[in-house]
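# An overview of the molecular structure
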Amino acid sequence: MNIPQLIDMIDVGIITLDSEFVITGWNRWMENNGKIPEEKIVGKSLFQEYPNLDNSWFRRNCSSVFRFGSFAFLAQKIHGNCFPFEPASSFHSDFEVMQQDCTIGPVRNEKGDIDQIFIVVKDVTQIAVYEKKLISMAEKDGLTGINNRKYLDSKLIEEFERHRRYNHNFCLIMIDIDFFKKVNDTWGHLCGDEVLKKVTSLIQERIRTQDIFARYGGEEFVILLPETELEDGIKLAESIRKLIELEVMNSNGKTFSVTISMGISAIHDGIADSKDLLDYADKALYEAKTSGRNKVVSIN
Amino acid sequence: MKSENILNVTELLILQELMNIAFGSASADLEEVLDISIDLKVPAAEMVPVTKLKKYIQESMALTNKSSMVEEKFWGDFNGSAILVFPVEIQKNIISLLSAHDYPATDMEHIEGMDSGVLLEIGNILIGACIGKISELLNTVVTYSPPSIGSGSSSDLDFFIDKFEQPSSAIILKMEFSFHQKHLNGKIMIITSYNSINWLKKSLKLFMESYE
């Protein structure tokens, strides 16, 4: 088998370019995925066909290959893709475009001079899908689909650091569903699961996209509110409390309602670290529970 | 250790001279590629036993757990690994210098590992420039593996050094780089494999002959 045959049969894209970024080679994989036949693209400017590549990082990497004969590696994690092709398989619905790792290297002529470069395009969509799923599994709560405690802990540390550096305010609300054990004991655990899902979905609709909402454990939840003063946090908590109280739940033909108790605390100079803030909110929640439930209590 | 398996003092001096020429040419080209004025200086060549490599790298590269170390392997007649260390205090400045106008802001905020990506890219270009120019002068062609990034921790360094055959010696080519007017600097060390020595001896001889 000769080399041109191999280049057409290999399961990666191969393009060659001259020093003016004019396409001089385009293998069958590129034809199939780019949906442009070789004879229609060879001789054309790469940037005319793919204007997204006409930027300083792409030119910089190509220049280094032409100048030094080195290789450049454009990783999917950073660039996503160089060539906006459709995913090759319908199983890759997580991504609208194929995810690619690209390698750029020198092509030397008979004299040993670099007069062209090659780009190898590798479809890594499947790996990116698995990676995305793994990240999601590590950060999301399996039942409710909201963030888990591990994710909250990391965001809380980040937010605390932001406060320490730039003095940005933030609040934390701790939520507990009142008499949740009774719901489980009376209506069964499946019904309890439905309540957890319904409460989370109602809260999620009420908060902002930048707020971090997480299941803290069992029937306890936490909302981290960046750039929020205590007074605004209390207003939001009160509106959530009312929203849950008024909601009529349906599960297996039974209708009932639940209430929630909330403890809220805002960052201030007396708080040494993110755990301290959680402790304050927890104490406020304890007070809300012991003083009658279905209420919002703040500590600062 | 057999004398044919080590570079003698004269050969090390020739190698140092070759690095001087290579890096002079590389810095001019890098300036055009990166659009930033760059100095490559203090080149030095020496041989270090692999058993002492870890301590040597830690001390001469001023490694700490917070340093970022980009490693890249290269293959061919001239083969080995290169490491580039960015001191912790300049990492953020290098990232902002190179990425400010390059990457979409949304990507910068959302892609985890973006900072590492920028350091890998600049590390790859600097390492490629140095090795590419040395190879050119030695009249050979090398290929590269994708670079990887690690910290300056003891365990990351062990992982790197384990690749070198003991009880051999490694040829160390080291240099410092700095970006003009930006007060940014770092160090590059090229560690040539033991199996390159015989080829390197012949190539250095040919290199000198071409000047005679």
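Residues numbered from 1 in each chain as written. Chains lettered and ligands numbered in written order. Predicted model: local features only at pLDDT ≥ 70, side-chain atom pairs only at ≥ 80, totals over all residues. Heavy atoms only, no water.

## Some details on the overall build of chain A
Helices and strands together make up the secondary structure of chain A, namely 12 helices and 12 strands. Over its C-alpha trace chain A gives a radius of gyration of 28 Å, far above what one expects of a compact globule, namely 19 Å for 300 residues. Taken over the C-alpha atoms alone, chain A extends approximately 85 × 50 × 25 Å along its principal axes. In chain A, once contacts between residues fewer than 6 apart in sequence are set aside, the share between residues at least 24 apart is 58%. (Helix = DSSP H or I, 4+ residues; strand = E, 2+ residues; numbered from the N terminus. Rg over C-alpha atoms; globule rule 2.2 N^0.38 Å. Contact = heavy atoms within 4.5 Å.)

## Regarding the nonpolar core
Within the largest apolar cluster, 52 residues are counted, with the highest numbers of intra-cluster contacts made by B:Ile134 and B:Phe177. Mapped by element, the contributors of at least two residues to this core are α1 (9-34), β1 (38-49), β2 (68-75), β3 (80-86), α5 (114-137), β6 (169-179), β7 (184-192) and α7 (197-209) of chain B. At 11 residues, α1(B) tops the list of elements feeding residues into this core. Among the nonpolar cores identified, the runner-up in size contains 31 residues, and A:Ile173, A:Phe180, A:Ala237 and A:Ile260 belong to it. (Core = buried A, V, L, I, M, F, W, Y, C linked by side-chain atoms within 4.5 Å. Buried < 20%, exposed > 50% of the residue type's maximum accessible area, 1.4 Å probe, protein only.)

## Section: the interface of chain B and chain A
Counting residues at the interface gives 28 residues for chain B, matched by 17 residues for chain A. For the pairing of chain B and chain A, the buried interface totals around 1,900 Å² over both sides, and the portion due to carbon and sulfur atoms is 59%. Linking chain B with chain A are three salt bridges. Inspection of the region where chain B meets chain A yields five residue pairs in polar contact (both at pLDDT 80 or more). At the level of secondary structure, the elements contributing two or more residues to the side of chain B that touches chain A comprise α1, α5 and β4 (143-144) of chain B. Of all the elements, α5(B) adds the most residues to the side of chain B that touches chain A, at nine residues. Looking at the side of chain B that touches chain A, its residues break down into 15 nonpolar, seven polar and six charged. (Buried area = accessible area lost by both parts, 1.4 Å probe. Salt bridge = Lys/Arg side-chain N within 4 Å of Asp/Glu carboxyl O. Polar contact = N/O pair within 3.5 Å; in protein donor to acceptor, adjacent residues only side chain to side chain. Nonpolar A, V, L, I, M, F, W, Y, C, P; charged D, E, K, R; others polar.)

## Some remarks on unusual backbone geometry
If you check the backbone angles, A:Asn167 has positive phi at about 60° while not being a glycine. For A:Asn167, the location among the structural elements is in the loop between α8 (149-166) and β6 (170-177). Residue classification places A:Asn167 among the exposed positions, given a relative accessible area of 55%. One non-glycine residue with positive phi stands out, namely B:Ala62, at about 50°.

## Quick look at the side chain of A:Ser274
Assignment of secondary structure puts A:Ser274 in helix α12 (residues 274-290). Excluding anything up to four places from it in sequence, A:Ser274 contacts A:Leu156, A:Ile157 and A:Phe160.

## What to know about the sheet that holds β6(A)
All names here are of chain A. Here five strands make up an open sheet; going across it, the order is β7-β8-β6-β11-β12 and the pairing mixed. One side of each edge strand has no neighbouring strand; the edge strands of this open sheet are β7 (212-217) and β12 (296-299). With strand direction ignored, the average angle separating the axes of adjacent strands in the sheet is 20°. As paired elements, β6 and strand β11 (residues 260-266) share seven bridges and run antiparallel to each other. Paired with Cys171 across the two strands is Ala266, which belongs to β11. Packing against the sheet, α12 makes contact with β6, β7, β8 (220-226), β11 and β12, and its axis sits at approximately 145° to β11. (Pairing = 2+ DSSP bridges. Axes fitted to C-alpha atoms, helices over the stretch in contact; angles between N-to-C directions.)

## Thoughts on the packing of aromatic side chains
All names here are of chain A. On inspection of all chains with the given rule, the structure shows 15 aromatic pairs over all chains. Ring geometry for Tyr50 versus Phe85: centroids 6.3 Å apart, planes at 70°, classification edge-to-face. Taken together, the positions of Tyr50 in the loop between α4 (46-49) and α5 (56-68) and Phe85 in the loop between α6 (76-79) and β4 (100-108) put the pair 35 residues apart, joining distant regions of the chain. Comparing Tyr50 with Phe85 shows no difference in burial state: the two are buried. Its end group placed over the ring of Tyr216, Arg149 keeps NZ or CZ at 4.0 Å from the ring centre. If you follow Lys182 out to its NZ or CZ, it ends over the ring of Phe179, 5.3 Å from the centre. (Phe/Tyr/Trp six-rings, centres within 6.5 Å; stacked < 30°, edge-to-face > 60°. Lys NZ or Arg CZ within 6 Å of the ring centre and 35° of its normal.)

## Quick notes on the pairing of β6(B)
Side-chain positions along a regular strand alternate between the two faces of the sheet. Residue and element names in this part refer to chain B. The buried fraction of β6 is high, at nine of 11 residues. Where β6 lies against β7, nine bridges are found, and the strand directions are antiparallel. Across the sheet, Ile172 pairs through a bridge with Ile191, a residue of β7.

## Describing the domain arrangement of chain A
By domain assignment, chain A separates into domain 1 (3-131) and domain 2 (140-299). Using C-alpha coordinates to define each centre, domain 1 of chain A is positioned 48 Å away from domain 2 of chain A. (Domains from an automatic or database assignment.)

## Quick look at the sheet that holds β4(A)
Residues and elements named next belong to chain A. If you walk across this open sheet you meet the five strands as β2-β1-β5-β4-β3, and the pairing is antiparallel. Every interior strand has two partners, whereas the edge strands, β2 (23-26) and β3 (72-74), have only one. Pairs of neighbouring strands in the sheet enclose a mean axial angle of 20°, with direction left out of account. In the sheet, strand β1 (residues 13-18) pairs with strand β5 (residues 114-123) via six bridges, with the strands oriented antiparallel. Counted as the bridge partner of Ile15 is Ile119 from β5.

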